[in-house]
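# Observations on chain architecture
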Amino acid sequence: MATAPWTAHPHCPAHLRGEVEAHVRALPPAFLNEPLSGEVFDNVELCKERLQGFAFAQGFAITQQSGSMKQARPRFDFQCIYHENSTRNYRKLEKHVERDEEDKITSRRKQEATTINARNCPYLIYLAFKQIGKRGSREFGLVLGVKDSSYSHSMAVNPLVYAEHKKALSGYQMTLDLGKSLRSAYISYSAARRVLEQAGFPLDCKGYYNLRYRALSAEKDEFAGLVVALEDAGFVFECRMEEEIDQQSGEVVDTQLQQIWFAHPDQIRYAQRFITGWTLFVDSTFNTNARNLVLLVMAGITNYNRTFVAALSFARSESKMSFDFIF
Ligand SMILES: [Zn+2]
């Protein structure tokens, strides 16, 4: 008997629809059935996949709360992401706002939790290692038990709002790797976005700038911070990278940002108008900053005989290469 393929919620954003439907349709069809007590699994991962698959199609997500096969009687609890304790409290804030007699807030928590994850959803499914089959069969397995299958919330029209589901998509890991490469080459978000969109998985700006292969040194981080700030302000910029190559393996060990050139679109307009075929001054100043970077200033003269700054560039040295890069 042919059944119609699974379709996303009518209000699921159109650009994500294909991705969402492809994911669900690739799941074993049995995943789409309501989990029932008595389902037997070979291992916990399979069970989790099955529950998460069901949740994906429904529009919620599950998280594993507890459990280990090392326990005397292994039992794994799975709850809805909206269960009561799921608001992560990294700063160890008090559960509620506390006030003294004068109604001044004494707790470090200044606002009652309003996070969407705190909705006290009672949904609870567990997996227990126990005897299966006839009594005395001595056959053991992981058996599903449905403790509570009710929800306290409506379902998301787009399951990708949950990080748990986003990570499960096949293209996601690939995109992260690609994003990391672009990021470590100081490619701006606006340029990287086009590449990432081609790969079928755009990252948002914050997600992109948070990507990194390893912790950057403070110095590198400041350069990266400059890149972010410039892009935010609408500047056009270009970076010159230098790669440190391992003599033996020929592999790139490290890349260092040597120079960054930036100008505002307005400055470029001025430059095109007044510098082209006329005069450009370039000079460098030292010791303008704690990093000992050379600041190269490019200036021109307008038709009112006023000078203006056409572009700026920070470089590690006043070498010929630094000048060449500008032109
Ligand atoms: Zn729930």
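Each value, and the rule that gives it
- Residues numbered from 1 in each chain as written.
- Predicted model: local features only at pLDDT ≥ 70, side-chain atom pairs only at ≥ 80, totals over all residues.
- Helix = DSSP H or I, 4+ residues; strand = E, 2+ residues; numbered from the N terminus.
- Buried ≥ 20, exposed ≤ 12 C-beta atoms within 10 Å, placed from the backbone.
- Core = buried A, V, L, I, M, F, W, Y, C linked by C-beta atoms within 7 Å.
- Pairing = 2+ DSSP bridges.
- Contact = placed C-beta atoms within 7 Å.
- Axes fitted to C-alpha atoms, helices over the stretch in contact; angles between N-to-C directions.
- pLDDT = per-residue confidence, 0-100.
- Expected span 1.5 Å × (residues − 1).
- Arc of directions from axis to C-beta.

### Some thoughts on the overall build of the chain
A count of helical and extended segments in the chain gives 9 helices and 10 strands. Burial status across the chain gives 20% buried among its 327 residues.

### Focus on the nonpolar core
Ranked by internal contacts, the top residues of the largest apolar core, which has 25 residues, are Leu51, Ala55, Phe60, Ala61, Ile62, Cys80 and Ile81. Every element with two or more residues in this core is listed here: α1 (14-26), α2 (44-58), β3 (75-80), β4 (124-132) and β5 (139-148). In terms of residue count, the dominant contributor to this core is α2 (6 residues). Of all hydrophobic cores here, the second largest spans 15 residues; its members include Val227, Trp261, Ala263 and Phe314.

### Comments concerning the environment of arginine 240
Position of arginine 240 among the secondary structure elements: in strand β6 (residues 236-245). In sequence terms arginine 240 and glutamine 259 are 19 residues apart; their C-alpha atoms lie 5.1 Å from each other.

### Observations concerning the sheet that holds strand β2 (residues 62-66)
If you walk across this open sheet you meet the 5 strands as β1-β5-β4-β3-β2, and the pairing is antiparallel. In this open sheet, the two edge strands, each paired with only one partner strand, are β1 (40-41) and β2. Bridge analysis of β2 against β3 gives 4 bridges, and the strand direction is antiparallel. When the sheet's bridge partners are listed, serine 66 is paired in β3 with aspartate 77. Most of the contacts of α2 go to β2, to which it runs at about 145°, and overall it touches β1, β2, β3, β4 and β5.

### A closer look at the environment of arginine 119
Summarising the element assignment, arginine 119 is placed in the loop between β3 and β4. Note on arginine 119: 16 C-beta atoms within 10 Å, which makes it partly exposed. In the structure, arginine 119 is positioned 33 residues away from serine 152 in sequence and 6.7 Å away in space, judged by C-alpha atoms.

### Some thoughts on the pairing of β5
Along any regular strand, the residues point their side chains to alternate faces of the sheet. The pairing of β1 with β5 spans 2 bridges and is classified as antiparallel. Bridge pairing links phenylalanine 41 to leucine 142 in β5. For β4 and β5, the ladder comprises 9 bridges, and the chain directions are antiparallel. By the bridge assignment, lysine 130 is partnered in β5 with glycine 141. Counting the residues that bridge the hairpin from β4 to β5 gives 6 residues, and of these glycine 133 lies at a positive phi of roughly 75°.

### With respect to the confidence of the model for the chain
Confidence in the prediction of the chain, expressed as mean pLDDT, is 76, and 72% of residues score 70 or more. The low-confidence segment residues 111-117 (pLDDT under 50) makes 10 contacts with residues lying over four places distant or belonging to another chain.

### A few points about α2
Across its 15 residues, α2 extends 21 Å between first and last C-alpha, which sits within 8% of the 21 Å expected from 1.5 Å per residue. Within α2 the residues assigned to the buried category are Cys47, Leu51, Gln52, Gly53, Phe54, Ala55, Phe56 and Ala57. At the exit of α2 stands glycine 59, carrying a positive phi of roughly 110°.

### Brief notes about the pairing of β3
Where β3 and β4 come together, 5 bridges link them in antiparallel fashion. Bridging across to β4, glutamine 79 finds its partner in leucine 124.

### Points about helix α5 (residues 189-198)
Taken together, the buried positions of α5 are occupied by Tyr189, Ala192 and Leu196. Buried residues of α5, seen end-on, are gathered within an arc of 60° and therefore sit on one face of the element. Away from its buried face, by an angle of more than 90 degrees, α5 presents the exposed residues Ser190, Ala191, Arg194 and Gln198.

### Let's talk about the environment of alanine 311
Secondary-structure assignment places alanine 311 in strand β10 (residues 307-315). Here the alpha-carbon distance between alanine 311 and alanine 271, two residues 40 residues apart in the chain, equals 8.6 Å. For alanine 311, the residues in contact, after removing those within four places along its chain, are Trp261, Phe262, Ala263, Gln267, Ala271 and Met298.

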